[in-house]
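Secondary and tertiary structure notes
The residues making up each chain are set out below.
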Amino acid sequence: MAVRREVTRRQEVLLGLGGAAAAFGICEAVARAGIVRRSYLPPASEVVVRAVRLAGDPAFRDGIGVTLRAWALGLGLACALAVPLGLLLGAVPVVEAAARAVIEFLRPLPSVALIPLVSLLLGSGTQTEVTLIAYASLWPVLFNTVYGLGETDPLARDTLRAFGFGRLAVLLRVELPATAPFIAAGVRISASVALILAVATEILSGFGQGLGIFIAQAQTETDGTRDVLAGVVWAGVLGLVINGVLVGAERRLFAWAQEPRPEAGTLRRSRP
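Note that the structure is predicted; figures quoted are calculated from it, not measured.

Re the overall build of the protein
Within the protein, the regular secondary structure consists of 10 helices and zero strands. Counted from the first residue to the last, the protein has its helices and strands arranged as α-α-α-α-α-α-α-α-α-α. With the C-alpha coordinates aligned to their principal axes, the bounding extent of the protein is approximately 70 × 50 × 30 Å. Burial status across the protein gives 32% buried among its 272 residues. As displayed, the protein has an accessible area near 16500 Å², and 66% of this comes from carbon and sulfur atoms. Here the protein holds 25 positive side-chain charges and 20 negative ones, and the gap between their average locations is 6 Å.

Here it is as structure tokens:
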């Protein structure tokens, strides 16, 4: 089974590299053929070369660091709020029922639409960026925590209660370990959301320092499309690296949760 999983991962990597190479080739061919003006779509090779050169620019690297710091603070704050709140909502049905209307009202609000309001209340800067990132990243972790708590094996939970363990002991010994893979998946989803919002907030603010600021300033320059696309390439690389690290950590920490489940139509042994 481990060999099969390794082959599948290798195939996924090869397919991903093939897709990236195909996209690169199409963009290069379209730009070189003159189908689209170079001021709108520079050749992909020029964009990649510019992105590599930006790595040697100290100011650009500092901007990357600012964006990643805001990303980490916002994601950490979201996890610190979402996990305890999700455990509370999942463990106490009365609280979940009372908070459901408020959650369903707040969840659809796009974080980008809140930028003017949050900027008015907190001013421009890191506080506004971190607040918006935390708000957007809160929901995947929260709902995954609630869902994971609902998927806890009732037999294990009832067994501990039969042996006299209290509610807190059942939560720490059974429910929280069973929910951990779901929380990890929520954090992985929120990490991507947080990075997107960090860059988007910086682009819309238009001043300061960060990857989004670099993109916003580049698009105002003459023939700045190449720099804009180079910044977008860096945003994509950061997202790919972050997701790869989190996926690797998730597979290593929760290898037991990666075991294949019975296929549809197979018989399961019924529980008493």
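So much for the structure itself; the text now carries on.
Thoughts on helix α8 (residues 167-205)
Here α8 is 39 residues long, yet its end C-alpha atoms lie only 47 Å apart, well below the 57 Å a rise of 1.5 Å per residue gives. Of all the bends in α8, the greatest, near 45°, is centred on L176, and the proline P177 appears no more than four residues after it.

A word on the packing of helix α6 (residues 126-150) against α8
Closest axis-to-axis distance for the α6/α8 pair is 7 Å, and the angle between their directions is 150°. With respect to each other, α6 and α8 are oriented roughly antiparallel. Crossing of α6 over α8 shows right-handed handedness. Split into classes, the residues belonging to the contact of α6 with α8 amount to 17 nonpolar, eight polar and three charged.

Considerations on the environment of T126
Relative to the assigned elements, T126 resides in helix α6. In this structure the C-alpha to C-alpha distance between T126 and V13, which are 113 residues apart in sequence, comes to 36 Å.

Things to note about the pattern of salt bridges
Scanning all chains against the criterion turns up five salt bridges. Ionic pairing is found between R50 and D227, a salt bridge with its closest N-O pair at 2.6 Å. A residue pair is termed long-range when its members are at least 10 positions apart, and R50 in helix α2 (residues 44-54) and D227 in helix α10 (residues 225-253) qualify at 177 residues. In this structure, E96 and R100 form a salt bridge, with 2.7 Å as the shortest nitrogen-oxygen distance. Placement of both E96 and R100 in helix α4 (residues 93-106) is noted, with a separation of four residues, approximately one turn of the helix. Residue classification places R100 among the partly exposed positions, given a relative accessible area of 43%.

Thoughts on the side chain of T179
With respect to the element layout, T179 can be found in helix α8. Sequence-distant contacts of T179, defined by excluding residues within four places in its chain, comprise T145, G148, L149 and T152.

Comments concerning the packing of aromatic side chains
Under the criterion given, the structure shown has five aromatic pairs. Where Y135 meets W139, the ring centres are 5.8 Å apart and the plane angle is 90°; that geometry is what we call edge-to-face. Of the two residues, Y135 and W139 are both situated in helix α6; the distance of four residues between them amounts to about one turn of the helix. Positioned above the aromatic ring of Y40 is the side chain of R37, whose terminal nitrogen or guanidinium carbon lies 5.1 Å from the ring centre.

A word on the nonpolar core
Burial of nonpolar side chains together is a common tendency in soluble globular proteins. Counting residues in hydrophobic clusters, the biggest one holds 44 residues, and the most contacted among them are W71, V141 and L211. Elements that contribute at least two residues to this core include exactly α2, α3 (58-91), α5 (115-122), α6, α8, α9 (211-218) and α10. Beyond its immediate stretch of four places on either side in the chain, V141 contacts C79, A82, V83, I183, G186, V187 and S190.

Regarding a nonpolar patch on the surface
Residues L85, L88, V92, V94 and V95 make up a contiguous nonpolar surface patch of roughly 370 Å² in combined accessible area. Sorting the residues of the nonpolar patch by element identifies α3 and α4 as the ones contributing at least two each. Mapped onto the secondary structure, L88 falls in helix α3. Here L88 falls in the partly exposed class, since its relative accessible area comes to 40%.

Scoring rules and cut-offs
- Residues numbered from 1 in each chain as written.
- Predicted model: local features only at pLDDT ≥ 70, side-chain atom pairs only at ≥ 80, totals over all residues.
- Heavy atoms only, no water.
- Helix = DSSP H or I, 4+ residues; strand = E, 2+ residues; numbered from the N terminus.
- Buried < 20%, exposed > 50% of the residue type's maximum accessible area, 1.4 Å probe, protein only.
- Areas by Shrake-Rupley, 256 points an atom, 1.4 Å probe, with all protein chains shown as cover.
- Lys, Arg positive; Asp, Glu negative; His and termini not counted.
- Charge placed at Lys NZ, Arg CZ, Asp CG, Glu CD.
- Expected span 1.5 Å × (residues − 1).
- Bend = angle between axes of the 7 residues up to and from the residue.
- Axes fitted to C-alpha atoms, helices over the stretch in contact; angles between N-to-C directions.
- Parallel < 35°, antiparallel > 145°, perpendicular 65-115°, else oblique.
- Left-handed = near helix turned anticlockwise from the far one by under 90°.
- Nonpolar A, V, L, I, M, F, W, Y, C, P; charged D, E, K, R; others polar.
- Salt bridge = Lys/Arg side-chain N within 4 Å of Asp/Glu carboxyl O.
- Contact = heavy atoms within 4.5 Å.
- Phe/Tyr/Trp six-rings, centres within 6.5 Å; stacked < 30°, edge-to-face > 60°.
- Lys NZ or Arg CZ within 6 Å of the ring centre and 35° of its normal.
- Core = buried A, V, L, I, M, F, W, Y, C linked by side-chain atoms within 4.5 Å.
- Patch = residues over 30% accessible without salt bridge, like charges linked within 9 Å, V, L, I, M, F, W, Y side chains within 5 Å.

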